[in-house]
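A structural walkthrough
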Amino acid sequence: MKRKNLISCSVVLILLLIANLFIFSTVPQKPEHPSIPAKMPESNTEPSASKFANSYTFANEKVPAEIPKVAARMERMLRKHQYDHLQTHKLHRKAAQWFPVIEPILELYGIPEDFKYLPLVESGLKGGTSHKGASGSWQFMPQTARGFGLRVGGGVDERHNFRKSTVAACKYLRELYDEFGSWTLAAAAYNIGENRLRRLMSRQKQDDYFRMRLNQETATFVYRLVSMKEIIEKPHMYGYSVPEPEPDTIIHTGLPNIQRYISFAELGMLAYQKTDN
């Protein structure tokens, strides 16, 4: 009898073991090497180099946007110049008013047309005086202005004569280009001064504006010029609606005792009249 009971218990134990083995065999097993989902691309505020490569130029010189830092700075500057940020069409109205004066003078002196954006960046074409003493739409310092034929002093300040100061700016830019061999560096020198730029280039052993270490104003100067060019030439892309230019404006022509209403077509013709003063 005892033997039968032992056999019965043994059978029950064996059945229980078999049942447990069956149960565990049906539970999904964790793989030894779980599959790792594809990593999502990290958020990156800097634009890819390919997005801007070959997109922007200044004075026919390429902005090297294949360099990530250059592309990022260019994108930030463009955002700052969008209508959503500036909320004004004043720059476009100023451009419509004054570019017909600037463009023929630039052409006459062999200066790239992109430099017409320089007074928009320097002064907003308002012609005020900075805390450093630079004045007029082209923001000439007194000594530099005199060096390029403008009278400053004795109650006369020709930095505020738009035509004459534009001629002086062209002469200055031509001289800067002849020295530095690059319109981009010429623009940087116009902003920071040729002596300081020359020292920085020598100290850093670098002649590429986009790779130089410069103060904040000069380091962003060419980017601001390119951004200004973009929003003026492609206003709708940056949220602007192009304002209608006023048909006439009152302007001092730079000619003796003449100040009257004058059409934009006439302004273009007057711009060709060079001054020897």
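Residues numbered from 1 in each chain as written. Predicted model: local features only at pLDDT ≥ 70, side-chain atom pairs only at ≥ 80, totals over all residues. Heavy atoms only, no water.

Concerning the nonpolar core
Soluble globular proteins tend to pack their nonpolar side chains together in the buried interior. Let me state the cut-off plainly: In these notes, a set of buried Ala, Val, Leu, Ile, Met, Phe, Trp, Tyr and Cys residues joined through side-chain atoms within 4.5 Å is what counts as a nonpolar core. Residue burial is assigned from relative accessible area. The probe radius is 1.4 Å, only protein chains are included, and a residue is buried under 20% of its type maximum, exposed over 50%, and partly exposed in between. Helix and strand assignments come from DSSP, with helices taken as H or I runs of at least 4 residues and strands as E runs of at least 2, each series counted from the N terminus. Contact criterion: two residues are considered in contact whenever any of their non-hydrogen atoms come within 4.5 Å of each other.
Within the largest apolar cluster, 66 residues are counted, with the highest numbers of intra-cluster contacts made by Phe115, Leu120, Phe140, Tyr190, Leu197 and Tyr209. Of all the elements in the fold, those that place two or more residues in this core are α3 (68–80), α5 (90–108), α6 (118–123), α8 (162–180), α9 (183–192), α10 (194–204) and α12 (221–233). Residue contacts for tyrosine 209: discarding those within four places in its chain leaves Thr184, Leu185, Ala188, Leu214, Thr218, Ala219, Thr220, Phe221, Val222 and Tyr223.

Description of the pattern of salt bridges
Filter applied, for reference: One side-chain nitrogen of Lys or Arg within 4 Å of one carboxyl oxygen of Asp or Glu is enough to make a salt bridge.
Applying the stated criterion to the full structure yields 12 salt bridges. Across the pair aspartate 208 and arginine 211 runs a salt bridge whose closest N-O atoms are separated by 3.5 Å. Judged by relative accessible area, which is 24%, aspartate 208 ranks as partly exposed. Between glutamate 230 and lysine 234 there is a salt bridge; the shortest N-O distance is 3.2 Å. Its relative accessible area of 6% is what places glutamate 230 among the buried residues. Through salt bridges that share partners, Glu103, Glu113 and Lys116 make up one connected network.

Description of α9
Rule in force here: Throughout this description, a polar contact denotes any pair of N or O atoms lying within 3.5 Å of each other; where both atoms belong to protein, one of them has to be capable of donating a hydrogen while the other can accept it, and for residues adjacent in sequence the pair is counted only when both atoms sit in side chains.
Burial of α9 is extensive: 10 of the 10 residues sit out of reach of the surface. Those residues of α9 not exposed but buried are Trp183, Thr184, Leu185, Ala186, Ala187, Ala188, Ala189, Tyr190, Asn191 and Ile192. The N-terminus of α9 is capped by serine 182, whose side-chain oxygen sits 3.2 Å from the backbone nitrogen of threonine 184. Just downstream of α9, glycine 193 is the residue with a positive phi angle, here 100°.

A short note on the confidence of the model for the protein
In plain terms, the rule: The quantity known as pLDDT measures the predictor's confidence residue by residue, on a range of 0 to 100.
Across the protein, the average pLDDT comes to 79, with 68% of residues at or above 70. Within the model, the stretch residues 23–51 combines pLDDT values under 50 with 11 contacts to residues more than four positions away or in other chains. Long-range and interchain partners of residues 247–277, a stretch whose pLDDT sits below 50, account for 61 contacts in this model, where long-range means more than four residues apart.

Here we look at the packing of α8 against α9
For any two helices packed against each other, one specifies the inter-axial angle together with the distance between the axes. Going by this rule: Axes, fitted as lines to C-alpha atoms, cover a helix only where it is in contact. Angles between the N-to-C directions of the axes lie from 0 to 180 degrees. Roughly parallel means an angle under 35 degrees; roughly antiparallel, over 145; roughly perpendicular, 65 to 115; everything else is oblique. Note on convention: the crossing is left-handed when the near helix lies turned anticlockwise from the far helix by less than a right angle, right-handed when the turn is clockwise. Charged residues are taken to be Asp, Glu, Lys and Arg, nonpolar residues to be Ala, Val, Leu, Ile, Met, Phe, Trp, Tyr, Cys and Pro, and polar residues to be all remaining types, Gly included.
Relative to each other, α8 and α9 sit at 120°, their axes nearing to 8 Å. Regarding the angle of α8 to α9, the classification is oblique. In terms of crossing hand, the pair formed by α8 and α9 is right-handed. Each of Ala169, Tyr172, Leu173, Arg174, Leu176, Tyr177 and Phe180 in α8 lies in contact with α9, whose residues at this interface are Trp183, Leu185, Ala186, Ala189 and Tyr190. Residue composition of the contact of α8 with α9, by class: 11 nonpolar, no polar and 1 charged.

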